[in-house]
Amino acid sequence: RDLHSFPTRRSSDLAINLTKSMRLVKHEEKKGEAWSPVEIQAFWNAWNDGERFVGYILLMCYTGMMPGELRNVRGNMIDYEAHEIRGAGIKTEVRRDSPIILCDKIVPVLQELMSDSLVLWPFGKHWFYDKYYMTLKKIGVRKLPPYSCRHTMATLVVNETSPLVAQKIMRHSQVTTTQRYVHPSSDTLLDAVNKL
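None of these values were measured; they are calculated from a predicted model. In every chain, residue numbers begin from 1 and rise along the written sequence. Confidence filtering applies because this is a predicted model: local features only for residues at pLDDT of at least 70, side-chain atom pairs given and counted only at 80 or more, and all residues used for totals across whole chains, interfaces and linings. Excluding hydrogens and water, the side-chain figures rest on all heavy atoms present in the structure.

Q: Provide a residue-level description of the overall build of the chain, including the pertinent values.
A: The secondary structure listing takes helices from DSSP runs of H or I that are at least 4 residues long and strands from runs of E that are at least 2 residues long, numbered from the N terminus. For the chain, the count of helices and strands is eleven helices and three strands. Listing each helix as α and each strand as β along the chain from the N terminus yields α-α-α-α-β-β-α-β-α-α-α-α-α-α. Under the scheme applied here, a residue whose accessible area is under 20% of the maximum for its type counts as buried, over 50% as exposed, and between as partly exposed, the area being computed with a 1.4 Å probe on protein chains only. When the 196 residues of the chain are sorted by exposure, 39% land in the buried category. The contact criterion used throughout is that any non-hydrogen atoms of two residues lie within 4.5 Å. When contacts within the chain are restricted to residue pairs at least 6 apart in sequence, those whose partners lie at least 24 apart make up 62%. Exposure was quantified through the Shrake-Rupley algorithm and a 1.4 Å probe, taking into account, for residues, occlusion by the shown protein chains and nothing else. As displayed, the chain offers around 12800 Å² of accessible surface, 54% of which is attributable to carbon and sulfur atoms.

Q: Account for the nonpolar core, naming residues and giving values.
A: We call a set of buried residues a nonpolar core when its members are Ala, Val, Leu, Ile, Met, Phe, Trp, Tyr or Cys and they connect through side-chain atoms within 4.5 Å of each other. Within the largest apolar cluster, 38 residues are counted, with the highest numbers of intra-cluster contacts made by Trp-35, Met-65, Leu-70, Ile-85 and Leu-120. Of all the elements in the fold, those that place two or more residues in this core are helix H2 (37-48), helix H3 (54-63), helix H6 (107-114) and helix H7 (125-139). Counting residues per element, this core draws most heavily on H3, which supplies eight residues. Non-local contacts of Leu-120, meaning those with residues more than four positions away in its chain, are made with Tyr-56, Leu-59, Met-65, Leu-70, Val-73, Leu-110, Leu-113 and Met-114. Judged by nonpolar contacts, the second largest core, of nine residues, contains Ala-154, Val-157, Ile-169 and Tyr-181.

Q: Tell me about the sheet that holds strand S1 (residues 78-79), and name the residues and values.
A: One open sheet accounts for three strands, arranged S1-S2-S3; its pairing is antiparallel. Strands at the two margins of the open sheet, each flanked by one partner only, are S1 and strand S3 (100-101). At least two DSSP bridges between two strands are needed for those strands to be called paired. Direction of pairing for strand S2 (residues 84-85) relative to S3: antiparallel, over a ladder of two bridges. Bridge pairing in S3 places Ile-85 opposite Ile-100.

Q: Tell me what's going on with the packing of aromatic side chains, and back it up with residues and numbers.
A: The rule is short: rings of Phe, Tyr and Trp, with Trp giving its six-membered ring, pair when the centres are within 6.5 Å, and they are stacked under 30 degrees, edge-to-face over 60, tilted in between. Under the criterion given, the structure shown has 14 aromatic pairs. On the numbers, 5.6 Å between centres and 50 degrees between planes, the contact of Phe-53 with Tyr-56 is tilted. Taken as a pair, Phe-53 and Tyr-56 share a single burial class, namely buried. Taken together, a centroid distance of 5.3 Å and an interplanar angle of 85 degrees make the contact between Phe-128 and Tyr-129 edge-to-face.

Q: Give a description of H2 that names residues and reports values.
A: A rise of 1.5 Å per residue sets the reference length of H2, with its twelve residues, at 16 Å; its end C-alpha atoms lie 16 Å apart and thus fit the reference within 8%. Among the residues of H2, those classed as buried are Glu-39, Ile-40, Ala-42, Phe-43, Trp-44, Ala-46 and Trp-47. Buried-residue contacts for H2 involve H3, H6, H7 and helix H8 (148-160). Of the residues trailing H2, Gly-50 is marked for its positive phi of about 100 degrees. In a helix, the anticipated span is given by 1.5 Å times the number of residues less one.

Q: Go over the packing of H2 against H3, please, and point to the residues and values.
A: Axes, fitted as lines to C-alpha atoms, cover a helix only where it is in contact. Angles between the N-to-C directions of the axes lie from 0 to 180 degrees. One can describe the packing of H2 onto H3 by two numbers: an axis separation of 9 Å at closest approach and a directional angle of 140 degrees. Accordingly, the angle class assigned to the pair H2 and H3 is oblique. Along this stretch, H2 crosses H3, giving a crossing that reads as left-handed. Residues Ile-40, Phe-43, Trp-44, Ala-46 and Trp-47 of H2 form the contact with H3, whose own contacting residues are Val-54, Gly-55, Ile-57, Leu-58 and Tyr-62. Just so you know how the angles are binned, under 35 degrees is roughly parallel, over 145 roughly antiparallel, 65 to 115 roughly perpendicular, and the rest oblique. In a left-handed crossing the near helix is turned counterclockwise from the far helix by less than a right angle, and in a right-handed crossing that turn is clockwise.

Q: Lay out helix H9 (residues 163-170) in plain terms, naming residues and giving numbers.
A: Three or more residues of H9 are buried, namely Ala-166, Gln-167, Ile-169 and Met-170. Looking at the buried residues of H9, the elements they touch are H3, helix H5 (93-97), H8 and helix H10 (175-179). Directly beyond the C-terminal end of H9, a positive phi value near 65 degrees is found at Arg-171.

Q: Can you tell me about the packing of H3 against H7, naming the residues and giving the values?
A: Axis separation between H3 and H7 bottoms out at 10 Å; the angle between their running directions is 95 degrees. As judged from the angle between their axes, H3 and H7 are roughly perpendicular. In contact with Val-54, Tyr-56, Ile-57 and Met-60 of H3, H7 contributes Phe-128, Tyr-132, Thr-135, Leu-136 and Ile-139.

Q: Run through the pattern of salt bridges, naming residues and quoting values.
A: When a carboxyl oxygen of Asp or Glu lies within 4 Å of a side-chain nitrogen of Lys or Arg, that pair is called a salt bridge. One pass over the structure, following the stated rule, counts seven salt bridges. One salt bridge in this structure joins Glu-33 and Arg-142, with 2.8 Å as the shortest N-O distance. Of the two residues, Glu-33 sits in the loop between helix H1 (11-14) and H2 while Arg-142 sits in the loop between H7 and H8, which places them 109 residues apart along the sequence. Among the residues examined, Arg-142 registers a relative accessible area of 33% and is labelled partly exposed. Taken together, the salt bridges that share partners define one network made up of Glu-33, Glu-39 and Arg-142.

Rendered as structure tokens:
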């Protein structure tokens, strides 16, 4: 049919005010949480007791990696001498282009996890989440989502250095993003003021 053959309506027929029937939901930004020092120690204890999956949790806590980045890591991306993983970043250009920095403490964990594989995470996506939550329950720590590991990393780094250093390590394009990830404990705040 020709465009001109459709029935036309007057503008007054279409002027309906729908705002009275709309309901706006208040947007509440999710507040992330970091693992406490006691919980981090529980992860290390479980790792030392042979709980292999905890290595992935520790790796995320000490590198700021996300589960999707774990799945991207291949052996040829890891430079143990330079203490970095290149090419595994996801989500943003900055994360894709920036190396994931490996602290000395986490290198042996990564080497163990890579010892019998060419890929860091050789399993399916859903299996990761199932195993993650089962492991938290087994160890007896809070049921926080995997993204809490990134919050933990930012908090650990800021406690030792500065927000600008944390921004680079977290692979954020803006320091304001990093600031949302930092959750200083009461003890950290007290230590800070006691240094005055």
